[in-house]
Amino acid sequence: MSTRAGADGGAFWGDADDDDVALHRYRTLVNTIDDGIYQVDTDGRFVAVNDVIVEATGYTRDELLGEHVSLVLADSDIERIEREISSQIGAPNEDDIATFDITVRTVDGDTIPYELRINLLLEDGTFRGSIGVARNRTEEQRRQESLASAVESYDSITSIIDKADIGVCILDENCEIAWADETIEQYFALDHERLVGRNNRTVIDETLKHRFADADSFAETVLSSYDDDHYVDRLECRVVDDGTDLEDRWLRYQSKPIESGEFAGGRVEFYYDITDQKQSEEDLEENREAFQSLVDAVEEYAIFRLDADGHVLTWNRGARTLKGYDRKEIVGEHFSTFYTDADRAANVPEQNLERALETGSAEDEGWRVREDGTRFWANVTITPVRDDNGTHRGYLKVTRDMTDRWEREQELESELQRILGRISDAFYAVDDEFRFTHVNERAAELLQQTEEELLGEQLWEVFPDLRDLDEVWDAFHTALETQEPTSYELYYDTLDFRVEANLYPSETGISVYFRDVTERREREQELEQTERRFEAIFEDPNILVGLLETDGMVLDINGTAMEYIDADLADVTGEPFWETPWWGEGEDVRSSVREWTERAAAGEYVNFEADLTRPDGEQYTLNGVFRPVTNDEGDVVSIVVSDRDVTERKKRERELEESEQRYRTLAEHFPNGVVTLFDHDLEYTLVAGQGFDKIPVDPAEAEGEQFDDVWPEETIDTLKPALQAALEGKERTVELEYAGREWVLYTVPITDNRGDVFAGVSMAHDITERKEYQRRLEETIDRLEESNRRLEQFAYAASHDLQEPLRMVSSYLQLIESRYGDELDEDGEEFLAFAVDGADRMRDMIDGLLAYSRVETQGDPIEPVDLDSVLESVLADLQLQIEETDAEITTDTLPRAEGDAAQLRQVFQNLLSNALEYSGDEPPRVSVDAERRGREWVISVHDEGIGIDPDDQERVFEVFQRLHSRKKYSGTGIGLALCQRIIERHGGEIWVDSEPGEGATFSFTLPAVDDFEP
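Keep in mind the model is a prediction, meaning the values are calculated, not measured.

*Asks:* What is the right way to read the sheet that holds strand 3 (residues 98-105) from this model?
*Replies:* In a beta sheet, neighbouring strands pair by backbone hydrogen bonds and run either parallel or antiparallel. In space, the five strands of this open sheet follow the order 2-1-5-4-3, with antiparallel pairing throughout. Sheet topology places strand 2 (46-49) and strand 3 at the edges, where each strand pairs with a single neighbour. Pairwise comparison of adjacent strand axes, ignoring direction, gives a mean angle of 30° for this sheet. Bridge analysis of strand 3 against strand 4 (residues 111-123) gives eight bridges, and the strand direction is antiparallel. Considered in strand 4, the bridge of D101 is made with E115.

Structure, rendered in structure tokens:
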């Protein structure tokens, strides 16, 4: 059907004997439908309103009828509606119903959001007015905001968990992973999205446990908690690299059953980083004040300094050239000397200094005076000078002679005045204070003022009522502030014409071009037929509407409803409403529809909601009402069924419930901390977290309370700025003490889909143990470093001081052997040999100890080293031992690594010497290779010798520890300890893999050089 002229309403009202029945049905529908309905004439004045409009605005029907719509609508909304009506009159479209989002103003000054649909009333192409259907969107906006709030709250909490580096995993009652955050992926190199749906027992057995140093212990503890359904509170475990480039870190695992909510019967698991990292101290570099007098060479600018009171301190060559003063005669004088008498009287110099202090810099243009009394037009910049402590020490002043430019601008302005005088359209210009500076003849004619009366006068004083016209006031001020053109169009009562104005701003003011665009609008037309108004409502594209006989037979169904079943109106007209395709095949829904129809026929309003299925299988939900239509005697003559598709609303409600459950589950199980949500009044809307077990606050009592009523005053002083910062759109982190414990608090804003902050979220984490551990660790590190320094000093001193007495012992033993060797018997010679051997071994041990103590202090800088070259040099030194033992040594290509070449040579020397010496009875077979592992190289030396018992593999790296007697194998027992010390200096580690009789593999790590390609 159509509301436009010429439409035939007979098909709908064909059963009516006269127009009274149609009019009665129309009025009944208008007053029973739950949308606001009104009709306005061509001047925008109310002709008719239904009860909904009266109730919504608070005005009586008599107060509304005859009034202009501006009584309840904003001017901007009216302009949009008028533009749309004008466009539809110019290009009519029978199916076009304009829709607007507007705000209705009530009699009390409140505002209500509405969705407005406008249908024009045209007769023979002539505009007769319009009908509007307004639907209250308050509840819809509330649901949307609630959903956005819940989603944003959930996102904010998960964002905070990510910021706190806490891995979270939620399991359902079948131990399947229902959700995992991105930190899980960071800690374990597992795709957190692919984990969802997998059984966590399988994930632990097949993958996760292998990420930990003690894999079996971790798996046994976690899986047993699943079997016994008990808590795991403080399981600490170390993540190691299993070939997936994981970062070595310590994690604390926490797990507990979920007792209520969507995941009741499941578990929530947390992994959070407890690795204490040293915080490096930042070297503070003191800034020193420097002012270099290179400006003395500049002649185009006067550059000089003033003290804090404005007296001249320095004077460059440009200042002398520009102003005419020598340095001796001007230094110490006040800089106001350069200003005109008028400027000094107006206190301009002091104002410029004050403005420079307030804004950081002040720029000014005006006349200045030279020593000989002549004037020049100057551009001046004054900048405050401060020391490192921020103390004001004076000013830097830069002056440039701009006289030539000023004279050219004056010439251009005179030429511009001549050009503007030739413009035939209405034109005037105002300066930056809105004073008229030019008015042409046409403008004077339209403004009804002469040029002489307007020049120099302020626009707002000549036309004071313009101040109350927002469009004019905003256009002028916006143009001046943004330096962008603006425009406006409105009817100006004072001058009795409709004006269209275009404003073009410049640095000095605004140029205004305007013209009379008055168009008289056509007067009020006759009201459109009642049937047309009914069609405007009935064919609302957002409502499914049907008209039934009292026995339930279909009289009419609107097009919106027909689209749902892909059928023609003729297919359902005259059919029982409960047997039409909307209700599907199920008898339950059909019988309910029949019952609703019978109740409406008896005079009852019946609200309903039904889940239905379209013929194409798409499911949807309808919410609506069966309304009885009565005649003047109160008898029911027909039934109106109106409903809406609320599928999306139901979906959003379900999403809202799911989102609320998720973020509340996370908040309630947040480990060792407290989570809150708060609004702009600092009222808590959510308070939860395991941290409440440690503080004297009940979360159930705190939720819904004001912030100031929950915490003590000293805690409020610390927390309040952080919470307020979140409501201003900023993130904050603070540390504080409360209830005898130390906490770190994060606050972040929560924004809606428009980006507006409507709430904040905070997360407080208990860091008491971490802080205490960190303090103890720092104290231990300090003690160890001091002990290490003393041990190094002792080892160096001891080894150095023992050299001299050892040399004396060796010398005297040599004298005894040379002088009395022939006189000694066999025992004496043996005793002397023992003494010499002991002295030699003592010398070797002292040399080794000295080398061990100097690893850190006497090493070369760490830099890229070619390990192939280092190994080649070592093999050359061992060539004699290799030939004597008939050894076979094979090597792979070794990489470049970060290291000290001399110390790494010592490592290769010791490891290869040991491999040759401990080869057993067979000729030595030794190989050297390298393997890339993340950011480092693993270098390995393999032999097929006698091997090492697993119980002794740690002991071989201790100083002076030997596994064999000196008679069987020589050595000092310090070589491997020296290797370990060297590798530790390089930031690596060294270890041995061996079994007795199966050979040994000594491996060590070095930092990689990125440009090496194996």
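Okay, back to it.
*Asks:* What's the story with the packing of helix 29 (residues 867-877) against helix 31 (residues 901-917) in this structure? I'm lost.
*Replies:* Taken N-terminus to C-terminus, the directions of helix 29 and helix 31 make an angle of 50°; their axes are 9 Å apart at the nearest point. On the basis of the axis angle, helix 29 is oblique to helix 31. As helix 29 packs across helix 31, the resulting crossing turns out to be right-handed. Mapping the contact onto sequence places L867, V870, L871, S873, V874, L875 and D877 in helix 29 and A901, L904, R905, F908, Q909 and L912 in helix 31. Considered class by class, the residues forming the contact of helix 29 with helix 31 number nine nonpolar, two polar and two charged.

*Asks:* Would you explain the state of the cysteines in this entry?
*Replies:* Note on terminology: a disulfide is the covalent bond linking the sulfur atoms of two cysteines. Applying the stated criterion to the full structure yields zero disulfides. Looking at the unpaired C175, the closest cysteine sulfur is the one in C169, lying at 8.9 Å. A residue is classified by how much of its surface remains accessible, and C175, at 12% relative accessible area, is buried.

*Asks:* What is the right way to look at unusual backbone geometry in this model?
*Replies:* Comment: phi is negative for the bulk of residues other than glycine, and the bulk of peptide bonds are trans. Even without glycine at this site, D229 takes up a positive phi of about 55°. Secondary-structure assignment places D229 in the loop between helix 10 (215-228) and strand 8 (232-239). According to the relative accessible area criterion, D229 is partly exposed, its value standing at 46%. The backbone of L682 shows a phi angle near 55°, a positive value even though the residue is not glycine. Summarising the element assignment, L682 is placed in the loop between strand 25 (673-678) and strand 26 (684-688).

*Asks:* What should I look at first to understand the nonpolar core in this one?
*Replies:* One broad rule of soluble globular proteins: the nonpolar side chains tend to lie buried together. If you look at the biggest cluster of nonpolar residues, it comprises 37 residues, and the most contacted ones within it are L867, F908, L912, F1002 and F1004. Of all the elements in the fold, those that place two or more residues in this core are helix 29, helix 31, strand 33 (925-933), strand 34 (936-943), helix 32 (975-985), strand 35 (990-994) and strand 36 (1000-1007). No other element matches helix 31, which puts seven residues into this core. With sequence-adjacent residues up to four places away left out, F1002 is seen in contact with L911, I939, S940, V941, I948, F957, L976, W991 and V992.

*Asks:* Can you help me understand the pattern of salt bridges in this one?
*Replies:* Pairing is possible between side chains of opposite charge, provided their charged atoms come close. Applying the stated criterion across every chain, the model contains 35 salt bridges. Between R599 and E595 there is a salt bridge, with its nearest N and O atoms 3.4 Å apart. Residue R599 and its partner E595 are located together in helix 23 (residues 587-601), separated by four residues, close to a single helical turn. Looking at R599, the relative accessible area reads 28%, which means it is partly exposed. For E595, a relative accessible area of 40% gives the class partly exposed. Note that R775 and E772 form a salt bridge whose closest N and O atoms lie 3.1 Å from each other. Of this pair, R775 and E772 both sit in helix 27 (residues 768-820), three residues apart, which is roughly one turn of that helix.

*Asks:* Whenever I open this one, helix 31 confuses me. Can you help?
*Replies:* Note that an α-helix has 3.6 residues per turn; residues three or four places apart therefore point the same way. Here helix 31 is 17 residues long and its end C-alpha atoms lie 24 Å apart, about the 24 Å a rise of 1.5 Å per residue gives. Of the residues making up helix 31, those classed as buried are Q903, L904, V907, F908, Q909, N910, L911, L912, S913, A915 and L916.

*Asks:* I keep staring at the sheet that holds strand 22 (residues 606-613) and nothing clicks. Help me out?
*Replies:* Taken in spatial order, the five strands line up as 21-20-24-23-22 in an open sheet, and their pairing is antiparallel. At either end of the open sheet lies a strand with only one pairing partner, and these are strand 21 (554-557) and strand 22. With strand direction ignored, the average angle separating the axes of adjacent strands in the sheet is 25°. Inspection of the sheet shows strand 20 (residues 544-548) paired to strand 24 (residues 636-645) by five bridges, in the antiparallel sense. Note that in strand 24 the partner of L544 across the bridge is D643.

Cut-off values and rules
Just so you know, the residues in each chain are numbered from 1, in the order the chain's sequence is written. It should be noted that, the model being predicted, local features are given only for residues of pLDDT at least 70 and side-chain atom pairs only at 80 or more, the latter also being counted only at that level, while totals for whole chains, interfaces and linings use all residues. Note that the side-chain values use all heavy atoms of the structure and ignore hydrogens as well as water. Strand pairing is defined by DSSP finding a minimum of two bridges between the two strands. Helix numbers and strand numbers start at the N terminus; a helix is a DSSP run of H or I with at least 4 residues, a strand a run of E with at least 2. For every element, the axis is a line fit to its C-alpha atoms; helices are fit only across the contacting stretch, and the angle between N-to-C directions ranges from 0 to 180 degrees. The scheme is simple: roughly parallel for angles under 35 degrees, roughly antiparallel for over 145, roughly perpendicular for 65 to 115, oblique for anything else. What makes a crossing left-handed is the near helix being turned counterclockwise from the far one by less than a right angle; a clockwise turn instead makes it right-handed. Every residue pair with non-hydrogen atoms within 4.5 Å of one another is taken to be in contact. Put simply, Ala, Val, Leu, Ile, Met, Phe, Trp, Tyr, Cys and Pro go in the nonpolar bin, Asp, Glu, Lys and Arg in the charged bin, and everything else, Gly too, in the polar bin. Disulfide assignment relies on a single distance test, namely cysteine sulfur atoms paired within 2.5 Å. We call a residue buried when its accessible area falls under 20% of the maximum for its residue type, exposed when it is over 50%, and partly exposed in between, using a 1.4 Å probe and counting protein chains only. Think of a nonpolar core as a cluster: buried Ala, Val, Leu, Ile, Met, Phe, Trp, Tyr and Cys residues, connected wherever their side-chain atoms sit within 4.5 Å. Any carboxyl oxygen of Asp or Glu that lies within 4 Å of a side-chain nitrogen of Lys or Arg is treated as forming a salt bridge with it. In this analysis, the expected span of each helix is defined as 1.5 Å times one less than the number of residues it contains.

Just distances and angles here, no functional claims.
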